[in-house]
Amino acid sequence: PSSRKIPSRNQTPTSPNPHATTMTSFLSATAAVRSRNGEKCLPIHNSEGGATISVSFDGQNLAIGTGKYPTASYHDDVGIDHGITQAPWERRFSPYEFNGGTTLAISGKDYAVVAADTRLSSGYEILSRNISKLHPLTEKCVLGSAGCKTDVDQLRSVLDIKMKVYAHNHRKPMATPSVAQMLGNTLYYKRFFPYYAFNVLAGVDSEGKGAVYSYDAIGSFERTPFSASGSGQSFLIPLMDNVISHKNRLDEKRDLEAEEVVEIVKDAFITAGERDIYTGDAVEIMIIRSDGIQKELFQLKAD
Amino acid sequence: LKDDAKKSPVRTSQNAPTPFQILYFKYATAISTIPSSTSILTTALILTMSLSLQPGGSSTRAPPTGTLSAPGNAVTTRPITTGTSVLGIKYRDGVMLAADTLCSYGSLAKYKNARRLLPVNSRTLIGGSGEYSDLQAIDDLLRRNALEDRCTADSLYEEENDAEDCAKEVWSYLRAVMYNRRSKMNPLWNDIVVAGFRQNDDGSTSEEPFLGIVDKIGTAYEDDILATGFGGYIALPLMREKYRPDMEEGEARALLEDSLRILFYRDCRALNRVQIAKVTRDGGVLVSDPYELDTYWDFKGFVTNKGEMGTDGGW
């Protein structure tokens, strides 16, 4: 648009402002002002049919309230309180909201355990106490996601559709390592307007061994022995380092049974729920084996 | 708005008006008021012609994600005319919603008889808080969909009609609309409560009541008791305390009225003129006329000077 400039018959050579012209084209008017001062603008038609240039603010750079605040940033995570102590109209619309929650996944010899709390929060308010954060993608693979629930729901819908298409084309359900790669790609596809979702993927691979993958919001992922994400991850990861990875322990490491791991997970969520305000109410635990998925719901403190 | 649910957030610059369209628009504005389109223009042009050059802009044209807005496209930055809380509760026969009839213009109580509980079709009800104009746009959209469904159904007669969307379908659809708008950074600034029933696989109305909520960024969840806005802080704890799954209609209504009364005491933007609406299996959707709630101001804490009360608080 900036290269298209229709010459005006009404142009006066002796106008005080060398940049002011009467324009016949909406596009050239805006292009002229934008090139002059980089501001967003819109031409206002007067009753004689000509256009005068005026600069005004549109929603993007309108400053409401006191002081400056940052230009477009994807994460409204201003500090530990996730921005909730700011008055609602002093910051502009954010497409994200932190809905809280913690997820944990642990892999074993022939099983994987994945767990997530069931609390949905917004600021200091609890919106619901029984929302599931776990989503089975296949019979051998479960995705647990914390973060912004609307993005999590959208991500799940997108993945479900892709898995269906894969199953139609390949005539078999997707294997867990393939799901892991696809999730990474799907997240990176939205690299410049990310899904605010902190994922863990747990399942059994084609050989029947437990597989757990950790992700960040833009899709970098890695297969790990265990993974924790969400608001309570800082409380869970150090505990898992000691109990699951056996770090800084002198006794001999041994393989754990699935039932033992479930007890460890329950204790871990009690620990996280004690100190993290966004974790609590109940934990949904799933054990994934080659022959199916077992579920359990364990109640936590509701405070 | 209807296309918002279908379009992907990644768009090319297909909306830039061509010079041909600009010339027509210029002549059109000289003879008619903005933003009405004239009969000179074809329907294909009308979409871009409705793009007003006034600062309000048009919400039908949205910027591609990740780039700056083209001039003339404003996005919603804050709500102007707002409704306060909507409360919803499941009970024995179905689902009940409650809301007051106030639309505030900032601190001005501007419209004291506004309808915020709206029937969508014969078995779904929505209640909206937040920006009232966006609620009206959503209502238009949902009713337009309902009309299309009725017109294209197998039968024109309502008894045989399974084509109407049940509450859960309306809730899912609305979630897609809200998500799409927020992904274009131009949200519909509402929290919408959807009430009705689920649908069985064969299309008949299920026995199970449905109550769900969608907020302005598309956060969608369902529960037995819901509240938007201030109601979440004041009414929800009270309702959670008193809730039982098999409440009678009278009990549920009394609970909602009490909650609305307490909201009137404590929410500056609330009113004691309220509406109750219900969806039942047999009766369909029923929205009451607005009526006034009685309020009691002889509570000692309201009447007595705090300093005289002997407690430690007060000015």
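A short tour of the structure in this document, coming up. (Residues numbered from 1 in each chain as written. Chains lettered and ligands numbered in written order. Predicted model: local features only at pLDDT ≥ 70, side-chain atom pairs only at ≥ 80, totals over all residues. Heavy atoms only, no water.)

A closer look at the overall build of chain A
The helix and strand inventory of chain A stands at five helices and 14 strands. Per-residue burial over chain A gives 47% buried out of 303 residues. Residue pairs in contact within chain A that sit at least 24 positions apart in sequence constitute 58% of those at least 6 positions apart. (Helix = DSSP H or I, 4+ residues; strand = E, 2+ residues; numbered from the N terminus. Buried < 20%, exposed > 50% of the residue type's maximum accessible area, 1.4 Å probe, protein only. Contact = heavy atoms within 4.5 Å.)

Some thoughts on the sheet that holds strand E14 (residues 292–299) of chain A
Residues and elements named next belong to chain A. The antiparallel open sheet is built from five strands, whose spatial order is E12-E3-E4-E13-E14. Unpaired on one side and paired on the other, strand E12 (226–230) and E14 mark the two borders of the sheet. Direction aside, the axes of adjacent strands within the sheet are offset by 10° on average. Alignment of strand E3 (residues 102–107) against E12, held across five bridges, turns out to be antiparallel. Looking at the pairing, Thr102 lines up with Gly230 of E12. Contacting E3 and E12, helix H4 (residues 233–243) runs over the sheet at an angle of about 165° to E12. Seen against the sheet, helix H5 (residues 258–275) touches E3, strand E4 (111–117), strand E13 (282–289) and E14 and runs at an angle of roughly 20° to E4. (Pairing = 2+ DSSP bridges. Axes fitted to C-alpha atoms, helices over the stretch in contact; angles between N-to-C directions.)

Section: the packing of helix H2 (residues 149–170) of chain A against helix H4 (residues 167–183) of chain B
Direction vectors running N to C along H2(A) and H4(B) enclose 110°, while the axes themselves pass 11 Å from each other. Overall, the two elements H2(A) and H4(B) adopt an arrangement that is roughly perpendicular. On the side of H2(A), the interface is formed by Thr150(A), Asp151(A), Asp153(A) and Gln154(A), while H4(B) contributes Arg175(B), Tyr179(B) and Arg182(B). When grouped by side-chain class, the residues that make up the contact of H2(A) with H4(B) number one nonpolar, two polar and four charged. (Parallel < 35°, antiparallel > 145°, perpendicular 65-115°, else oblique. Nonpolar A, V, L, I, M, F, W, Y, C, P; charged D, E, K, R; others polar.)

Topic: helix H3 (residues 132–151) of chain B
All names here are of chain B. With 20 residues, H3 extends 28 Å between its outermost C-alpha atoms, agreeing within 8% with the 28 Å of an ideal straight helix rising 1.5 Å per residue. Of the positions making up H3, those classed as buried are Tyr132, Asp134, Leu135, Ile138, Asp139, Leu141, Leu142, Asn145 and Ala146. On the buried face of H3, the contacting elements are strand E1 (81–83), strand E4 (103–105), strand E6 (117–121), strand E7 (124–131), H4 and strand E8 (190–199). (Expected span 1.5 Å × (residues − 1).)

As for the environment of Ile126(B)
All names here are of chain B. Note that Ile126 resides in strand E7. Relative accessible area serves as the criterion here: at 0%, Ile126 is assigned to the buried category. Through-space distance from the C-alpha of Ile126 to that of Ala195 is 6.2 Å; in sequence the pair is 69 residues apart. Ile126 has contacts with Leu97, Arg116, Leu117, Leu118, Val120, Leu135, Ile138, Leu142, Ile192, Val193 and Val194, leaving out every residue within four places of it along the chain.

Focus: the pairing of strand E13 (residues 284–287) of chain B
Residues and elements named next belong to chain B. With four bridges connecting them, strand E12 (residues 273–280) and E13 associate as antiparallel partners. Looking across to E13, one finds that Ala277 is bridged to Val287. In textbook terms, the turn of a hairpin is the stretch between consecutive antiparallel strands, and for E12 and E13 this stretch comprises three residues.

Looking at empty space enclosed by the protein
Residues and elements named next belong to chain A. Enumeration according to the criterion identifies six cavities of 30 Å³ or more in this entry. Estimates place the volume of the second largest cavity at around 100 Å³. What lines the second largest cavity is a set of 13 residues, and nearest its centre among them are Leu120, Lys133, Ser145, Lys149 and Val152. Where the lining of the second largest cavity is concerned, the elements lending two or more residues are strand E8 (141–147) and H2. When residues of the lining of the second largest cavity are assigned to their parent elements, the largest contribution, four residues, is made by H2. (1 Å grid on protein atoms, 1.4 Å probe; cavity = no way out; pocket = protein on both sides within 12 Å on 5 of 7 lines; lining within 4 Å. Points joined across faces, edges and corners; volume = space filled by probe spheres on them.)

Topic: unusual backbone geometry
We note that His246(A) has phi near 60°; this positive angle belongs to a residue other than glycine. Positive phi is not limited to glycine here, since Met185(B) has a value of about 60°. Overall, the relative accessible area of 24% leaves Met185(B) in the partly exposed class.

Here we look at the sheet that holds strand E9 (residues 197–204) of chain A
Sheet strands pair by backbone hydrogen bonding; their relative direction is either parallel or antiparallel. Residues and elements named next belong to chain A. The strand order across the open sheet built from five strands is E7-E8-E9-E10-E11, with neighbouring strands paired in antiparallel fashion. Each edge of the open sheet is held by one strand with a lone partner, namely strand E7 (134–138) and strand E11 (221–224). For this sheet, the mean angle separating the axes of adjacent strands, direction not counted, is 25°. For E8 and E9, the ladder comprises seven bridges, and the chain directions are antiparallel. Pairing of Val142 across the sheet is with Ala202, part of E9. Against the sheet, H2 makes contact with E7, E8 and E9, and its axis sits at roughly 10° relative to E7, the strand it touches most. Along the sheet, helix H3 (residues 176–189) contacts E7, E8, E9, strand E10 (210–215) and E11; its crossing angle with E10, the most-contacted strand, is approximately 5°.

A closer look at H5(A)
Residue and element names in this part refer to chain A. Taking 1.5 Å of rise per residue, 18 residues should cover 26 Å, and H5 covers 26 Å from first to last C-alpha, within 8% of that figure. What H5 keeps buried is the set Ala258, Val261, Val262, Ile264, Val265, Lys266, Ala268, Phe269, Ala272 and Gly273. Looking at the buried side of H5, the elements it contacts are E3, E4, H4, E13 and E14.

Notes on the packing of aromatic side chains
All names here are of chain A. Enumeration according to the criterion identifies 14 aromatic pairs over all chains in this entry. Taking the centre distance of 5.4 Å and the plane angle of 85° together, the rings of Phe98 and Tyr278 count as edge-to-face. Of the two residues, Phe98 is situated in the loop between strand E2 (51–52) and E3 and Tyr278 in the loop between H5 and E13; the sequence distance between them amounts to 180 residues. For Phe98, a relative accessible area of 10% corresponds to the buried category. Geometrically, the ring pair formed by Tyr215 and Phe221 is stacked, given 5.3 Å between the ring centres and 20° between the ring planes. Through successive ring pairs, a cluster of aromatic residues spans Tyr96, Phe98, Phe193, Tyr196, Phe198 and Tyr278. (Phe/Tyr/Trp six-rings, centres within 6.5 Å; stacked < 30°, edge-to-face > 60°.)

Digging into the packing of helix H5 (residues 231–242) of chain B against helix H6 (residues 249–266) of chain B
All names here are of chain B. Where H5 meets H6, the axes come as close as 10 Å, and the angle between the chain directions of the two elements is 150°. As the angle between them shows, H5 and H6 are arranged roughly antiparallel. The two elements H5 and H6 meet at a crossing, and its hand is right-handed. On the side of H5, the interface is formed by Gly231, Ile234, Ala235, Leu238, Met239 and Lys242, while H6 contributes Leu255, Leu256, Ser259, Ile262, Leu263 and Arg266. Among the residues forming the contact of H5 with H6, the class breakdown is eight nonpolar, two polar and two charged. (Left-handed = near helix turned anticlockwise from the far one by under 90°.)

Describing a nonpolar patch on the surface
Residues Trp297(B), Phe299(B), Phe302(B) and Val303(B) make up a contiguous nonpolar surface patch of roughly 430 Å² in combined accessible area. Tracing the sequence through the fold places Phe302(B) in helix H7 (residues 300–303). (Patch = residues over 30% accessible without salt bridge, like charges linked within 9 Å, V, L, I, M, F, W, Y side chains within 5 Å. Areas by Shrake-Rupley, 256 points an atom, 1.4 Å probe, with all protein chains shown as cover. Salt bridge = Lys/Arg side-chain N within 4 Å of Asp/Glu carboxyl O.)

As for the pattern of salt bridges
Tallied over the full model, the rule gives 26 salt bridges over all chains. With a shortest N-O distance of 3.4 Å, Glu263(A) and Lys266(A) are connected by a salt bridge. With a gap of three residues between them, Glu263(A) and Lys266(A) both fall in helix H5, about one helical turn apart. Using a relative accessible area of 45% as the deciding quantity, one classes Glu263(A) as partly exposed. The residue Glu249(B) makes a salt bridge to Lys278(B) at a minimum N-O spacing of 3.0 Å. With Glu249(B) in helix H6 and Lys278(B) in strand E12, this residue pair connects regions lying 29 residues apart in the sequence. Salt bridges here are not isolated pairs; linked through shared partners, they connect Lys168(B), Arg198(B), Glu208(B) and Glu222(B).

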